[in-house]
Amino acid sequence: MDLNDQVAIVTGAASGIGKAIATRYIKAGARVVIADLNPDAANATAREIDPTGRSMGVAMDVTDEAAVSAGIAATVAKYGRIDILVSNAGIQIVHPLEEFTYADWKKLMAIHVDGAFLTTRACLPHMYRAGRGSVIYMGSVHSKEASVLKAPYVTAKHGLIGLAKVVAKEGASHGVRANVICPGFVRTPLVEKQIPEQAKALGISEADVIKKVMLKETVDGEFTTVEDVAEVAFMFAAFPSNALTGQSLVVSHGWFMQ
Ligand code: NAD
């Protein structure tokens, strides 16, 4: 399986998991657009993963309808098509529910859920026209399981599974598949930031946040890696038929078993 001649757009790809997915797709032969809030970081990532022009950065706030439209238009202008969307941009905010501000709730929901909607809606017409496409949402073990302090994140990540199922049903007759990747903890900036925050909120040490909160339920006490997640993203992108659609796959060292 490869992605030769395919065009992918990965949101939040200037860092962490998204960057690893973009790198994996380049290795598989795709052309890849790095869509991220920060245009300099997006352009630098594009140059880093492929200096020959098979990758470009676009500035995109996934919650901004006009910015999403412009980013998708720039992708099609440069590479002529869109075969793969990875809706990956995300943030984490941790508080007990009774202390969550409405502003923080809305911010997190907007990036994860509105961003998934806006990018999907912008890409589908291009995929439908071509008669093929793969939409991949970055869920989480928190698409299946809850943790304290993460009310909007858990709510948003569960919601992405519903969205993927609808896109799977509506997209089927156009050759478009939709699936969700559900990683366990991966040591990206998003997780590094949470370690001291959770230690403070739970009144435990940072070492205990890692051992007793993040990795406690895994089979081997290991973090999932960005490369592990990228491999699943490759499999969902390259899978050749509608047999694999509407699914969510957990990659978490056994933290959550279905
Ligand atoms: P990260 O912080 O390394 O990367 C997130 C990227 O998203 C950054 O480049 C950031 O600039 C970008 N971003 C943030 N808001 C944006 C917006 N409004 N528009 C466009 N880009 C935006 O984090 P990560 O860990 O790589 O997370 C990527 C995804 O993986 C997120 O959806 C996250 O919820 C999910 N996830 C992460 C883990 C983990 O343990 N790290 C586990 C499960 C799921």
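Residues numbered from 1 in each chain as written. Predicted model: local features only at pLDDT ≥ 70, side-chain atom pairs only at ≥ 80, totals over all residues. Heavy atoms only, no water.

1. Regarding the environment of Tyr102
Turning to step 1, where the next piece is worked out: Turning to its location among the elements, Tyr102 is positioned in helix H4 (residues 102–130).
Turning to step 2, where the next piece is worked out: In this structure Tyr102 comes out as exposed when scored by relative accessible area, which is 60%.
Turning to step 3, where the next piece is worked out: When the C-alpha atoms of Tyr102 and Ile84 are compared, they prove to be 33 Å apart, with 18 residues separating the residues in sequence. (Helix = DSSP H or I, 4+ residues; strand = E, 2+ residues; numbered from the N terminus. Buried < 20%, exposed > 50% of the residue type's maximum accessible area, 1.4 Å probe, protein only.)

2. What about the site of the ligand?
Turning to step 1, where the next piece is worked out: Taken together, 27 residues sit near the ligand, with Ser15, Asp36, Tyr153, Val186 and Thr188 positioned nearest.
Turning to step 2, where the next piece is worked out: One nitrogen or oxygen atom from the side chain of Asp36 is found 2.6 Å from an oxygen atom belonging to the ligand.
Turning to step 3, where the next piece is worked out: The backbone of Asn88 places a nitrogen or oxygen atom 2.8 Å from an oxygen atom of the ligand.
Turning to step 4, where the next piece is worked out: Secondary-structure elements contributing two or more residues to the shell around the ligand are helix H1 (16–27), H4, helix H5 (151–171) and helix H6 (189–202).
Turning to step 5, where the next piece is worked out: Taken together, the residues of the shell around the ligand break down into 14 nonpolar, ten polar and three charged. (Near = heavy atom within 4 Å. Polar contact = N/O pair within 3.5 Å; in protein donor to acceptor, adjacent residues only side chain to side chain. Nonpolar A, V, L, I, M, F, W, Y, C, P; charged D, E, K, R; others polar.)

3. A look at the sheet that holds strand E4 (residues 84–87)
Through backbone hydrogen bonds, the strands of a sheet pair up, either in parallel or in antiparallel fashion.
Turning to step 1, where the next piece is worked out: Across the sheet, which stays open at both edges, the seven strands sit in the order E3-E2-E1-E4-E5-E6-E7 with parallel pairing between neighbours. In this open sheet, the two edge strands, each paired with only one partner strand, are strand E3 (55–59) and strand E7 (247–251). In this sheet, neighbouring strand axes are inclined to one another by 20° on average, regardless of whether the strands run parallel or antiparallel.
Turning to step 2, where the next piece is worked out: The pairing of strand E2 (residues 31–36) with E3 spans five bridges and is parallel. Each bridged residue has a counterpart across the sheet, and for Val33 the counterpart in E3 is Met56.
Turning to step 3, where the next piece is worked out: Running at roughly 175° to E3, helix H2 (residues 39–49) makes contact with E2 and E3 of the sheet. (Pairing = 2+ DSSP bridges. Axes fitted to C-alpha atoms, helices over the stretch in contact; angles between N-to-C directions. Contact = heavy atoms within 4.5 Å.)

4. Some thoughts on the packing of H1 against H2
Turning to step 1, where the next piece is worked out: Closest axis-to-axis distance for the H1/H2 pair is 10 Å, and the angle between their directions is 35°. Here H1 runs over H2; the crossing is right-handed. Here Lys19, Ala22, Thr23 and Ile26 of H1 come into contact with H2, specifically with Thr45, Glu48 and Ile49.
Turning to step 2, where the next piece is worked out: The residue makeup of the contact of H1 with H2, split by class, is three nonpolar, two polar and two charged. (Left-handed = near helix turned anticlockwise from the far one by under 90°.)

5. Section: helix H3 (residues 65–79)
Turning to step 1, where the next piece is worked out: In this model H3 runs 21 Å from its N-terminal to its C-terminal C-alpha over 15 residues, within 8% of the 21 Å that 1.5 Å per residue would give.
Turning to step 2, where the next piece is worked out: Listed in full, the buried residues belonging to H3 are Ala67, Val68, Gly71, Ile72, Thr75 and Tyr79. The buried residues of H3 all sit within an arc of 130° when viewed along its axis, so they share a single face. Away from its buried face by more than 90 degrees, H3 exposes Ala66 and Ala77.
Turning to step 3, where the next piece is worked out: Buried residues in H3 make contact with strand E1 (7–11), E2, E3 and H4.
Turning to step 4, where the next piece is worked out: Structurally, the start of H3 carries an N-cap: the backbone nitrogen of Ala66 is 3.0 Å from a side-chain oxygen of Asp64.
Turning to step 5, where the next piece is worked out: A positive backbone phi angle near 85° is found at Gly80, which sits one or two residues after H3. (Expected span 1.5 Å × (residues − 1). Arc of directions from axis to C-beta.)

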